[in-house]
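The lines below spell out each chain.
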Amino acid sequence: QKLKMHFPIKTGILQRTTGSVKAVDDVSFTVKKGETLGIVGESGCGKSTLGRALIRLYEPTDGKILFGGNDVTKLKERDLGPVLRRNMQMVFQDPNASLNPRKSLGSILMEPLRVHGILNSREERMDHIAEILQTVGLHPTVINNYPHEFSGGQRQRIGIARALILNPELIIADEAVSALDVSIQAQIVNLLEDLQEKFNLTYIFISHDLSVVRHISDRVGVMYLGKLMELSDKESLYDEPLHPYTQSLLSAVPVIRKGGAVKRDRIILKGDLPSPANPPGGCVFHTRCPYAMPQCGSEEPVFREVVPGRHVACHLFN
Ligand code: SF4
Ligand code: MG
């Protein structure tokens, strides 16, 4: 069974909470089946909004999200379940906030199976749940326990189990390991990688943590003020960032070369992050860019392929 995973998105999403923030603006990219696409950026850059828009937790104001031939943005509520919820799942930063404290692990995992009418009997569903628990490294006997009885790392395994239970094709992980201790982070990242291999999963891995994203991703997109600045295969992006914003982000991270870590010259950006409610015109990065030219304040650079496989939005590459 062949499935195409395309998400060419062109959106200007209005974040509802504040009413007028262009949290994600004209972002366009494609995710390939079985790959991990990392999305990095500072907090407030729109990466979480993008993730939620993809699974329609937020309604995009405009644009298209194609998933296996369906435009997700045009799906009616009743079709959302079969097409979307079964195939795209999300893992959140704080499993605590997304796990009902009054429900046992068994009923937390039973619910999606019931809602989507998967498997016929309670027995079959219990078997499936036990299998998923084992797959994420939890002992099936914990099925009667409540969320507070688990450690942070275990709760994230539960979050992953809940995402996996419907056998999705795509998992969007939003800061999925950011709240965990470093040693636990590594375990969860390894688990995600094992699961990807086992189930041929596609990941969109959203994080502010450049090292974790580097570890897990095949390609990486860099967001700033709701826009994609650069999107490249991981090696090129980390070894030779093209966009000035990517360069400044990565300047804080040591480069690993044969023979050890080399520290790049730290690029300190001038000024503060502008308010997403009132982003600068032209290139959104022009107020802080060390290379800003006169045209940068008035003309918005087009996000385009400047080197095979590498997309950048910057006038330096025109
Ligand atoms: Fe800097 Fe201009 Fe490129 Fe924007 S378009 S990143 S301001 S050089
Ligand atoms: Mg991978």
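Residues numbered from 1 in each chain as written. Chains lettered and ligands numbered in written order. Predicted model: local features only at pLDDT ≥ 70, side-chain atom pairs only at ≥ 80, totals over all residues.

Student: I would appreciate a short explanation of the packing of helix H6 (residues 152-164) against helix H7 (residues 182-199) in the present structure.
Tutor: In helix packing, the relevant descriptors are the interaxial angle and the interaxial distance, both defined with respect to the helix axes. Running from amino to carboxyl end, H6 crosses H7 at an angle of 20 degrees, the nearest separation of the two axes being 10 Å. Between H6 and H7, the angle falls in the class roughly parallel. The handedness of the crossing between H6 and H7 comes out as right-handed. For the pair H6 and H7, the contacting residues are Gly152, Gly153, Gln156, Ile160 and Leu164 in the first and Ile184, Gln187, Ile188, Leu191 and Leu195 in the second. Along the lines of polarity and charge, the residues of the contact of H6 with H7 split into 6 nonpolar, 4 polar and no charged. (Axes fitted to C-alpha atoms, helices over the stretch in contact; angles between N-to-C directions. Helix = DSSP H or I, 4+ residues; strand = E, 2+ residues; numbered from the N terminus. Parallel < 35°, antiparallel > 145°, perpendicular 65-115°, else oblique. Left-handed = near helix turned anticlockwise from the far one by under 90°. Contact = placed C-beta atoms within 7 Å. Nonpolar A, V, L, I, M, F, W, Y, C, P; charged D, E, K, R; others polar.)

Student: I tried to follow the nonpolar core on my own but got confused; where do I start?
Tutor: Here is a general trend for soluble globular proteins: nonpolar side chains tend to be buried in one another's company. Among the nonpolar cores identified, the biggest contains 65 residues, and Ala161, Ile172, Ala173 and Tyr224 are the most heavily contacted of them. It is H6 that provides the largest number of residues to this core, a total of 5 residues. Residue contributions to this core reach at least three from each of two domains, namely domain 1 (12-217) and domain 2 (241-318). Sequence-distant contacts of Ala173, defined by excluding residues within four places in its chain, comprise Val91, Leu192, Tyr203, Phe205 and Ile206. (Core = buried A, V, L, I, M, F, W, Y, C linked by C-beta atoms within 7 Å. Buried ≥ 20, exposed ≤ 12 C-beta atoms within 10 Å, placed from the backbone. Domains from an automatic or database assignment.)

Student: Can you walk me through the site of ligand 1 in this structure?
Tutor: The local shell around ligand 1 holds 13 residues, among which Cys283, His286, Cys289, Cys296 and Cys314 are the closest. In terms of residue class, the shell around ligand 1 is built from 11 nonpolar, 2 polar and no charged. (Near = placed C-beta within 6 Å.)

Student: In this structure, what is going on with helix H5 (residues 122-135)? I would like to understand it.
Tutor: At 3.6 residues per turn, the α-helix brings residues three or four places apart onto the same side. Here H5 spans 20 Å end to end across 14 residues, near enough to the 20 Å set by a 1.5 Å rise per residue. Along its buried surface, H5 packs onto helix H4 (105-115) and H6. Looking one or two places after H5, you find Gly137, whose phi comes out positive at around 85 degrees. (Expected span 1.5 Å × (residues − 1).)

Student: Would you take a moment to explain the pairing of strand E3 (residues 36-40) for this structure?
Tutor: Strand residues, when the strand is regular, have side chains that alternate between the two faces of the sheet. Of all 5 residues making up E3, 5 are buried, and the element is well covered by its neighbours. Bridge count between E3 and strand E9 (residues 219-224): 4 bridges; the pairing is parallel. Bridge pairing links Gly38 to Val220 in E9. (Pairing = 2+ DSSP bridges.)

Student: Teacher, can you tell me more about the packing of H4 against H5 here?
Tutor: Put simply, H4 and H5 touch, their axes get as near as 10 Å, and they point 115 degrees apart. Of the two elements, H4 crosses H5, and the hand of that crossing is right-handed. Here H4 contributes Gly106, Leu109, Met110 and Leu113 to the contact with H5, which in turn contributes Arg125, His128, Ile129 and Ile132.

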